[in-house]
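# Summary of structural features
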Amino acid sequence: MGYDLMLNFNLPYFATNPSDFWRRWHISLSTWLRDYLYISLGGNRVGPTRNYVNLMTTMVLGGLWHGASWIFVLWGFYQGALLCGHRMLEPALARLRPQSNSQLGGLWHVLSIVFFFHLTCLGWLIFRAESVDQVGMFLGAIFGNFSGPPPGWMNFTYLASLAASGVFLFIVQLAQYRTRDLNVVYRLPVALRAVFYAGCFLAIVIFGRIHGNAFIYFQF
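Model, not experiment: these values are computed from the prediction.

Basis of the calculations
Residues numbered from 1 in each chain as written. Predicted model: local features only at pLDDT ≥ 70, side-chain atom pairs only at ≥ 80, totals over all residues. Heavy atoms only, no water. Buried < 20%, exposed > 50% of the residue type's maximum accessible area, 1.4 Å probe, protein only. Helix = DSSP H or I, 4+ residues; strand = E, 2+ residues; numbered from the N terminus. Arc of directions from axis to C-beta. Contact = heavy atoms within 4.5 Å. Patch = residues over 30% accessible without salt bridge, like charges linked within 9 Å, V, L, I, M, F, W, Y side chains within 5 Å. Areas by Shrake-Rupley, 256 points an atom, 1.4 Å probe, with all protein chains shown as cover. Salt bridge = Lys/Arg side-chain N within 4 Å of Asp/Glu carboxyl O. Phe/Tyr/Trp six-rings, centres within 6.5 Å; stacked < 30°, edge-to-face > 60°. Core = buried A, V, L, I, M, F, W, Y, C linked by side-chain atoms within 4.5 Å. Expected span 1.5 Å × (residues − 1). Axes fitted to C-alpha atoms, helices over the stretch in contact; angles between N-to-C directions. Parallel < 35°, antiparallel > 145°, perpendicular 65-115°, else oblique. Left-handed = near helix turned anticlockwise from the far one by under 90°. Nonpolar A, V, L, I, M, F, W, Y, C, P; charged D, E, K, R; others polar.

## Description of helix α2 (residues 27–38)
- When we look at burial in α2, the residues that qualify are I27, L29, S30, L33, L37 and Y38. Along α2, the residues classed as buried sweep out an arc of 165° about the axis, all on the same side.
- Elements that come into contact with the buried residues of α2 comprise α1 (18–24), α3 (48–65) and α4 (70–96).

Here's what the structure looks like:
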């Protein structure tokens, strides 16, 4: 139709650190925050302390952009803390990272992805909570007294189907990551593409929200 849309997500769950994540996640928003807030505040052209203040200010304001709620302020503060913490630890991490051994370097890379993925999920827990008290309740259940879901909450068939769908999509994402080609599915033979689309449709039918929620950006 003549519109040239920018790439907005570039495999963000394969990020190895918070800086890498924000180069991959919601790129239109992150570049706007970088260009019009972070750089305007001085970016990294100032001293370390001011740089941390700039990072934190940018992310807290980015959180508020999502809605006038303490939840979004807390989420922005969490993202800012990740960026500041990584900036402080980066020299030490660079010394620890294996340089000469390719196998150890590959293992370090994989573990970095897995570790930061869990930090990202912790951020989504904050983002999707309905109140700050609920965040505390969730964290207490996870790190304190986790007793698992109530009996009958999910059956084995449902969990197996959900895992199968997740693995199916993960394989596609892994192929995109390894080939550095986000359009890898479009280059498959027609029969394989048909299987992929049918699998996606089936997953939506089984696990999709039938009644749905209001589009999250309507509140911003």
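The structure having been displayed, the exposition proceeds.
## Quick notes on unusual backbone geometry
- Although it is not a glycine, L11 adopts a positive phi angle of roughly 50°.
- Structurally, L11 is set in the segment before α1.
- With relative accessibility at 7%, the residue L11 sits in the buried group.
- Although it is not a glycine, R180 sits at a positive phi angle of roughly 55°.
- As for its position among the elements, R180 is in the loop between α7 (156–179) and α8 (190–207).

## Describing a nonpolar patch on the surface
- A cluster of nonpolar side chains, namely V167, F170, I171 and L174, defines an oily patch on the protein surface of about 360 Å² accessible area.
- Tracing the chain through its elements places V167 in helix α7.

## So, the packing of aromatic side chains
- This model, assessed by the stated rule, comprises 18 aromatic pairs.
- Arranged with centres 6.3 Å apart and planes meeting at 15°, the rings of F14 and F170 form a pair that is stacked. Within this pair, whereas F14 is found in the segment before α1, its partner F170 is found in helix α7, the two being separated by 156 residues in sequence.
- Between F21 and W22, the ring centres sit 5.5 Å apart and the planes meet at 85°, which makes this aromatic pair edge-to-face.

## So, the nonpolar core
- Grouped together as the largest cluster of nonpolar side chains are 24 residues, with contacts concentrated most on F21, W22, W75, W124 and V135.
- Elements with a minimum of two residues in this core: α1, α3, α4 and α5 (102–128).
- Broken down by element, the residue count for this core peaks at 8 residues, all from α4.
- If near-sequence neighbours (up to four positions away) are discounted, W124 is found in contact with Y13, F21, W25 and W75.

## Notes on α5
- Compared with an ideal rise of 1.5 Å per residue, which puts 27 residues at 39 Å, α5 spans 39 Å between its outermost C-alpha atoms and is within 8% of the ideal.
- All of the buried residues in α5 are S112, I113, F116, T120, G123, W124, L125, I126 and F127.
- Those residues of α5 that are buried lie in contact with α1, α4, α6 (132–143) and α7.

## Focus: the packing of α4 against α5
- With their axes 9 Å apart at the nearest point, α4 and α5 run at an angle of 165° to one another. With respect to each other, α4 and α5 are oriented roughly antiparallel. As for how α4 packs across α5, the hand of that crossing is right-handed. Listed contacts from α5 to I71, F72, L74, W75, Y78, Q79, L82, L93 and L96 of α4 are W108, F116, L119, L122, G123, W124, I126 and F127.
- Grouping the amino acids of the contact of α4 with α5 by side-chain chemistry returns 15 nonpolar, 2 polar and no charged.

These results come straight from atomic positions and should not be treated as a statement about function.
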